[in-house]
Amino acid sequence: MSPEILNLLLKSFWETCYMVAASAILATLVGMPLGIILTVTSKGHIWENKSINAILGAIVNATRSTPFIILMVAIIPLTRIIVGSSIGTTAAIVPLTISAAPFIARIIESSLLEIDPGVIEASQSMGASPMQIILKVLLPEAMHSIVLGVTLAIISLIGYSAMAGALGGGGLGDLAIRYGYQRFRMDIMIATVVILIAQVQIVQSLGNYISSKLNKNKM
Amino acid sequence: MIELQNVEKTYHSKHGNVQALKKTNLKISAGEIFGVIGLSGAGKSTLIRCINMLELPTGGKVIVDGKELTAMKNSQLRKARQNIGMIFQHFNLLACRTVYDNIAFPLEIQGMDKNMIKQRVEPLLDLVGLKDRKNHYPAQLSGGQKQRVGIARALASNPKILLCDEATSALDPQTTKSILELLKDINKRLNLTIVLITHQMQVVKEICDRVAVIEDGVIIEEGTMFDLFTNPQTPTTKEFISSINNVELPEIIKNAPMSKEYLEGSRPLVRLSFIGDSAGAPLISTLIKKYDVDVNIIYGNIDSIKEIPYGTLLIEINGDREHIKTAINYLHERKLKIEVIGYVS
């Protein structure tokens, strides 16, 4: 493999890492509060509110049901406002974040809903405020499960980031399509796929490790 | 210390309204251990949760320590709850916190600083006997140890009242005993008012001063443990009491032909209940000496209710009719609780 190709691989690798990391962080920052609000406004929870829950739930579902490739094109104007351009790696972060945030919101919601209502009741009996319950009970108790969920989201972001090539987003997926598929470069195809597999493996193992460190439910 | 005035709770659902608690009045004094016993679904959970307003009553007043909780705003209510500790059937500990941090939790909520928290938590670890477990996580503890953490956590903010929601129902008999001992101990030591709900008569018998029996959202009977035990008024109460008071007749007697009325030559089967001091009287020998009857002891048992001895004796009296009659009269005069079960021929 020539040095140019290696450079290309390396550059694409970093692009993927950049897109995935940035959008994962941003999506978590957006998805976390959404997930928390979805949880606490649900029926019988500490801030039960039917209308907020229904509206938020509908928005989340709508975003989640839009195929990524369509979402990406549909929000080009928004991307242009935020990033200043609709093409390039940074521009790809906007649709990636918007598609991952509701996913993360649902993942966090389901993790938080798993917390035993008895524990929440106990905290209330000690005089904890709803905010204290969120910060000191719900989030810490669910953290190990949230970590696994975010890991899942990161892995699907790695997959989506390949599609971001359509916006000139770059990354390994883009490289595989342009060189491996369109120019019949089997070696590049194999190299990118191997790197992607390794990336997913590492992310999953890291997620599992952190989650098991946080999980105190086992002996 | 705790007063419920006409407290009611109705749940609304699609399938109609459920009145979990009907107009309930209750007074519990300071330092008392008060038990509420009832079958599942009787409303005891709702009742105990109305005391700290985890369930908001749909009517009536809840007054705790002179303050009306039902008139408070949320923030005031949270403050008031720090005065009321609570422990639960399933412990409800925070799984990701150590024993120490679980006990520290209510103090953290109050915004107490780390050193102060340490000063409160350390003695509590001693009190519940978990000093060597302070860095363990709940998953590493046995049920009894978890409940001890629950108790320490409930006591952390120095409450005047402790509510126990089926606190021993998930524990084995031995552990139940040790938890009840601990509750009795802290009741005495800290002059803590304890309210407990349970479906286990054994628990009530062991530690309660006064008891209320609840059925279908209504308190059907209320009194000192002793009155309730020796003189139950309602069928439900009798049922509960029979669960610990061995009223089951021995097989031999049960299968023997027995009549309700005296027949020539039959022998009455009598159950005597001794309470307190009378448990010490030389009753049987008096019976034999003075009334010229034979007494055959079939079954005997001595137990205690809240440290007062309470005995049951099942005897068969043999003799001629007149002697038996006077003997039974004598027993009645002794202010014993006696019951003629039947006549064995």
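Residues numbered from 1 in each chain as written. Chains lettered and ligands numbered in written order. Predicted model: local features only at pLDDT ≥ 70, side-chain atom pairs only at ≥ 80, totals over all residues. Heavy atoms only, no water.

Visitor: Kindly report on unusual backbone geometry, identifying the contributing residues and their values.
Guide: Residue and element names in this part refer to chain B. One non-glycine residue, Met53, lies in positive phi territory at about 65 degrees. Relative to the elements of secondary structure, Met53 occurs in the loop between α1 (44-51) and β4 (59-64). On the basis of relative accessibility, which here comes to 7%, the residue Met53 falls in the buried class. Of note in the backbone geometry, Asn92 takes a positive phi value of approximately 55 degrees without being a glycine. Along the chain, Asn92 turns up in the loop between β6 (84-88) and α3 (99-109). A residue is classified by how much of its surface remains accessible, and Asn92, at 5% relative accessible area, is buried. (Helix = DSSP H or I, 4+ residues; strand = E, 2+ residues; numbered from the N terminus. Buried < 20%, exposed > 50% of the residue type's maximum accessible area, 1.4 Å probe, protein only.)

Visitor: So, the confidence of the model for chain A: which residues are in play, and what are the values?
Guide: Put simply, chain A has an average pLDDT of 92, and 99% of its residues get 70 or more. Mean pLDDT per element in chain A: helix α8 (residues 172-181) of chain A is the minimum at 84, and helix α6 (residues 117-125) of chain A is the maximum at 95. (pLDDT = per-residue confidence, 0-100.)

Visitor: Tell me about empty space enclosed by the protein, and name the residues and values.
Guide: One pass over the structure, following the stated rule, counts 3 cavities of 30 Å³ or more. Within this model, the largest cavity holds a volume of roughly 80 Å³. Contributing to the lining of the largest cavity are 14 residues, with Met126 of chain A together with Ile84, Gly85, Met86 and Ala154 of chain B lying nearest its centre. Every element with two or more residues in the lining of the largest cavity is listed here: α6 of chain A together with β6 and α5 (143-155) of chain B. The biggest single contributor to the lining of the largest cavity is β6 of chain B, with 4 residues. The calculated volume of the second largest cavity comes to roughly 50 Å³. What lines the second largest cavity is Cys164, Glu166, Ala167, Thr168, Leu180, Leu183, Leu196, Ile197, Thr198 and Val203 of chain B. The set of elements that each furnish at least two residues to the lining of the second largest cavity consists of α6 (173-190) and β8 (193-198) of chain B. Ranked by residues supplied to the lining of the second largest cavity, first place goes to β8 of chain B with 3 residues. Residue composition of the lining of the second largest cavity, by class: 7 nonpolar, 2 polar and 1 charged. (1 Å grid on protein atoms, 1.4 Å probe; cavity = no way out; pocket = protein on both sides within 12 Å on 5 of 7 lines; lining within 4 Å. Points joined across faces, edges and corners; volume = space filled by probe spheres on them. Nonpolar A, V, L, I, M, F, W, Y, C, P; charged D, E, K, R; others polar.)

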